[in-house]
Amino acid sequence: MTKSTNAFLTLMPDENADAINALASPLRIAILKLLRQTGPMNVNMISAALDLPQSTIATNIKALEASRLLHTEAALSLSPLAKLYSKPRRGFQAESAKV
């Protein structure tokens, strides 16, 4: 039997308006869940996994980046602008509580 945990994220409306707005989108939440399950992915990988246009994913990733809900790093690729996205390493971290 596995242990169940609930994760909590505390945001202050005056200080974290970007993060609150970013979390209001079901697609952005789907992107965050995907990255948590799979680890780092680029825009094209996320697009394929969610079966959505690359432009839609890129637009939503920008909002997640601006709110610091994503970690971004440069990736070795044929494209000089390739980036990998993953859950944040620091900044907004969920606090876990056992149920």
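Please read these numbers as outputs of a predicted model, since none were measured by experiment.

## Concerning the nonpolar core
Okay, step 1: Ranked by internal contacts, the top residues of the largest apolar core, which has 15 residues, are Ile 31, Leu 35, Ile 46 and Ile 61.
Okay, step 2: Contact partners of Leu 35, with chain neighbours within four places excluded, come to Met 41, Ile 46, Leu 70, Tyr 85, Ser 86 and Lys 87.

## A closer look at helix 3 (residues 43-50)
Okay, step 1: Those residues of helix 3 that sit buried are Val 43, Ile 46 and Ser 47. Along the axis of helix 3, the buried positions cluster into a sector of 100°, meaning they face one direction only. More than 90 degrees from the buried face of helix 3, the exposed residues found are Asn 44 and Ala 48.
Okay, step 2: Contacts made by the buried residues of helix 3 are with helix 2 (26-38), helix 4 (54-66) and strand 3 (83-86).
Okay, step 3: The distance from a side-chain oxygen at the start of helix 3 to the backbone nitrogen of Asn 44 is 3.0 Å, and the residue carrying that oxygen is Asn 42.
Okay, step 4: At the exit of helix 3 stands Asp 51, carrying a positive phi of roughly 55°.

## Observations regarding the packing of helix 3 against helix 4
Okay, step 1: At their nearest, the axes of helix 3 and helix 4 sit 9 Å apart, and the two run at 115° to each other. Here helix 3 and helix 4 pass one another in a crossing that is right-handed. Contact residues: helix 3 offers Val 43, Asn 44, Ile 46, Ser 47 and Leu 50, while helix 4 offers Gln 54, Ile 57, Ala 58 and Ile 61.
Okay, step 2: A per-class count over the contact of helix 3 with helix 4 returns six nonpolar, three polar and no charged.

## What to know about the side chain of Ser 47
Okay, step 1: Looking at the secondary structure, you find Ser 47 in helix 3.
Okay, step 2: One polar contact links the side chain of Ser 47 to the main-chain amide nitrogen of Gln 54, over a distance of 3.4 Å.
Okay, step 3: Apart from residues lying up to four places away in sequence, Ser 47 is in contact with Leu 52, Pro 53, Gln 54 and Ile 57.

## Details of the packing of helix 2 against helix 4
Okay, step 1: Axis separation between helix 2 and helix 4 bottoms out at 10 Å; the angle between their running directions is 85°. Relative to helix 4, helix 2 is oriented roughly perpendicular. Every residue of helix 4 that contacts helix 2 at Leu 27, Arg 28, Ile 31 and Leu 32 is listed here: Thr 56, Ile 57, Asn 60, Ile 61, Ala 63 and Leu 64.
Okay, step 2: Counted by class, the contact of helix 2 with helix 4 contains seven nonpolar, two polar and one charged residues.

Here is what the cut-offs are and how they apply
- Residues numbered from 1 in each chain as written.
- Predicted model: local features only at pLDDT ≥ 70, side-chain atom pairs only at ≥ 80, totals over all residues.
- Heavy atoms only, no water.
- Core = buried A, V, L, I, M, F, W, Y, C linked by side-chain atoms within 4.5 Å.
- Buried < 20%, exposed > 50% of the residue type's maximum accessible area, 1.4 Å probe, protein only.
- Contact = heavy atoms within 4.5 Å.
- Helix = DSSP H or I, 4+ residues; strand = E, 2+ residues; numbered from the N terminus.
- Arc of directions from axis to C-beta.
- Polar contact = N/O pair within 3.5 Å; in protein donor to acceptor, adjacent residues only side chain to side chain.
- Axes fitted to C-alpha atoms, helices over the stretch in contact; angles between N-to-C directions.
- Left-handed = near helix turned anticlockwise from the far one by under 90°.
- Nonpolar A, V, L, I, M, F, W, Y, C, P; charged D, E, K, R; others polar.
- Parallel < 35°, antiparallel > 145°, perpendicular 65-115°, else oblique.

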